[in-house]
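Fold and geometry: a report
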Amino acid sequence: MSDRNLSINLDRLLSRLQALGQIGALEGGGVCRLALSDEDKQGRDLVIRWMRELGLSVTIDRIGNVVGVRPGREPGPPVMAGSHIDTVRTGGLYDGSLGVLAGLEVIQTLNEAEITTTRPLAVAFFTNEEGSRFAPDMMGSLVFQGGMSVEEALQTVGIDGTTVEENLNRIGYAGEAPCGDPKVHAYVELHVEQGPVLEEEGVVIGAVEGVQGISWTEVLVEGVSNHAGTTPMRLRHDAGYIAGATIAFVRDLALRLGGDQVATVGSIEFTPNLVNVIPEQARFTVDLRNTDEERLQAAESELATFLDNLAKSEGVKISRRSLARFEPVAFDPSMVERVERIARDLGYSVRRMPSGAGHDAQILARVCPTSMIFVPSVGGISHNVTEFTHPEHIEAGANVLLRTLLELADAA
Ligand code: GLV
Ligand code: MN
Ligand code: MN
């Protein structure tokens, strides 16, 4: 068969997405496969079984990243497709899994057509992209790229008090391959947009130009517990108040800074968390993102000043800890152009766009030419059990992935 007429098998891709979505399935829809959980292990086992069935040679590195390689006519660094299969606690079936399973679908399509590429191809999934259980996010790709040492990553303590290392050992995914192997010739990640732009504009493919900067901070407030009925307002050292005020502050901050600035307090815990006790402790997170590094720094510094002032006025101790910090990333222009051209050649509408979500691609971009392909998310909904992408858009994205990988693997 001429490779001009090749296209992926949508039903097969959808059935793999459904099968993986059964692992950690939540009642009523959606999925929970937090990084290095038992469900993550079962998902890994299944995807690796598929990789082996497709003839890929599979390696697992010390942080649990999994890479399946299909040889080319010539040895050397593979062209890699990839993403992640861990999810947030209330995730959908597409975030991450689509990029990995579409990569496998490309491999199967090439196997059936008996096409051997010049360069090897690889499909990878990286450990703990989400960062919901262990911060930072993109941990596996960061270690793969060398931006974090494997030792530091292994010692990271998660929200349940256990370490990455304990959990890797527990689920049997502390591999032996060195982190950073194999070297990658180019990396392409198909992903759902997770935002509203493509759907609102009726566009099928996003050629992603880069990823916005991400700043995650954990704030710990230590006040004084006292009786909710007897303590006059003027005598309170209320850790809960600081959390509430910060939620309102960062929302106003984002609206005031405008542009691409977004701000979220996504996690909060009070101690002792009782109806009639002033909280003595509040622990919460702030997620700030902007496509512009200077503006992101301005947002971070306004937050710091706000918290310092509040600590004084309320008489509490406030400490801040950075959980993740990534500067905005611009993808290789020739890679972006390639995705755009291929989408157009295949007859799909396409627009360039930034990514609001973090992705392994932004880390791989440090070591090789990288691009991302976005497909629409219905209602712009993601990190939500109702996340959905129409099958025809999945097919379109996977076909753009197929052609992009083929071109890169055969280009001089
Ligand atoms: C990862 O999914 C993130 O953008 O938070
Ligand atoms: Mn993702
Ligand atoms: Mn995600």
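The structure contained in this document is the topic of the report that follows. The numbers attached to residues start from 1 for each chain and follow its sequence in the written order. Note on labels: chains are lettered from A, ligands numbered from 1, in written order. Owing to the predicted nature of the model, reporting of local features is limited to residues with pLDDT of at least 70; listing and counting of side-chain atom pairs is limited to 80 or more, with chain, interface and lining totals taken over all residues. Note that the side-chain values use all heavy atoms of the structure and ignore hydrogens as well as water.

Let us look at the packing of helix α1 (residues 10–21) against helix α12 (residues 391–410). Working convention: axes come from line fits to C-alpha atoms, limited for helices to the stretch in contact. Angles between N-to-C directions cover 0 to 180 degrees. In DSSP terms, a helix is any run of H or I states spanning at least four residues, a strand is any run of E spanning at least two, and both are numbered starting from the N terminus. Following both chains from N to C, one finds α1 and α12 inclined at 110 degrees, their axes separated by 10 Å at the closest point. Of the possible angle classes, the one that applies to α1 and α12 is roughly perpendicular. Contacts between α1 and α12 pair Leu 10, Leu 13, Leu 14 and Leu 17 from the former with Pro 391, Ile 394, Glu 395 and Ala 398 from the latter. In this classification, Asp, Glu, Lys and Arg are treated as charged, Ala, Val, Leu, Ile, Met, Phe, Trp, Tyr, Cys and Pro as nonpolar, and every other residue, Gly included, as polar. Its residues placed into classes, the contact of α1 with α12 shows seven nonpolar, no polar and one charged. Orientation labels follow simple angle bins: below 35 degrees gives roughly parallel, above 145 gives roughly antiparallel, 65 to 115 gives roughly perpendicular, and whatever is left gives oblique. Contacts were defined at the residue level, with two residues in contact if any of their heavy atoms lie within 4.5 Å.

Below, the discussion takes up the pattern of salt bridges. Whenever a carboxyl oxygen of Asp or Glu lies within 4 Å of a side-chain nitrogen of Lys or Arg, that contact is scored as a salt bridge. What the rule picks out here adds up to 23 salt bridges. Residues Arg 12 and Glu 112 are paired through a salt bridge, measuring 2.7 Å at the closest nitrogen-oxygen approach. Here Arg 12, found in helix α1, pairs with Glu 112, found in helix α3 (residues 97–112); they are 100 residues apart in sequence, far enough to count as distant. Partly exposed residues are those whose accessible area sits between 20% and 50% of the maximum for their type, while under 20% is buried and over 50% is exposed, using a 1.4 Å probe and protein chains only. For Glu 112, a relative accessible area of 54% puts it in the exposed group.

This brings us to a nonpolar patch on the surface. A contiguous nonpolar patch, built from Ile 247, Ile 268 and Phe 270 and spanning about 230 Å² of accessible area, is present on the exposed surface. Along the polypeptide, Ile 247 turns up in helix α8 (residues 239–257). Given the relative accessible area of 39%, Ile 247 is considered partly exposed. Like charges within 9 Å and nonpolar side chains (Val, Leu, Ile, Met, Phe, Trp, Tyr) within 5 Å are joined into patches, using only residues over 30% in relative accessible area that form no salt bridge. Accessible areas in this description were obtained via Shrake-Rupley with a 1.4 Å probe; residue shielding takes into account the shown protein chains only.

The donor definition counts N, O and S atoms within 2.8 Å of each metal and applies 3.2 Å to Na, K and Ca; water is not among these atoms, so some sites may look incomplete. Looking at the manganese ion (ligand 3), the protein donor atoms are Asp 95 (OD), Glu 130 (OE), Glu 130 (OE) and His 383 (NE2), and they sit 2.1 to 2.4 Å from it. In terms of primary sequence, the donors binding the manganese ion (ligand 3) are separated according to D-x34-E-x252-H. Here the manganese ion (ligand 3) and the manganese ion (ligand 2) are spaced 3.6 Å apart, linked through Asp 95, which binds each one. Here Asp 95, found in the loop between β3 (79–83) and α3, pairs with Glu 130, found in the loop between β4 (121–125) and α4 (139–145); they are 35 residues apart in sequence, far enough to count as distant. Per residue, the accessibility class of Asp 95 equals that of Glu 130, and both read buried.

Note that the residue after Ala 135, namely Pro 136, is joined by a cis bond; omega there is 5 degrees. Here the residue pair Asp 181 and Pro 182 is connected by a cis peptide bond, since its omega of -10 degrees sits within 30 degrees of zero. Counting through the fold element by element, Pro 182 comes out in the loop between α6 (164–171) and β5 (186–192). Phi at Leu 36 is positive, roughly 65 degrees, even though this residue is not glycine.

Turning our attention to the coordination of the manganese ion (ligand 2). For a metal bound by four donors in a tetrahedral arrangement, the ideal donor-metal-donor angle is 109.5 degrees, while six donors in an octahedral arrangement ideally sit at 90 or 180 degrees. In the first shell of the manganese ion (ligand 2), the protein supplies His 84 (NE2), Asp 95 (OD) and His 191 (NE2), at 2.0 to 2.3 Å from the metal. If you list the donors of the manganese ion (ligand 2) from N- to C-terminus, the spacing comes out as H-x10-D-x95-H. The exposure class assigned to Asp 95 is buried, which follows from its relative accessible area of 5%. Residue classification places His 191 among the buried residues on the basis of a relative accessible area of 1%.

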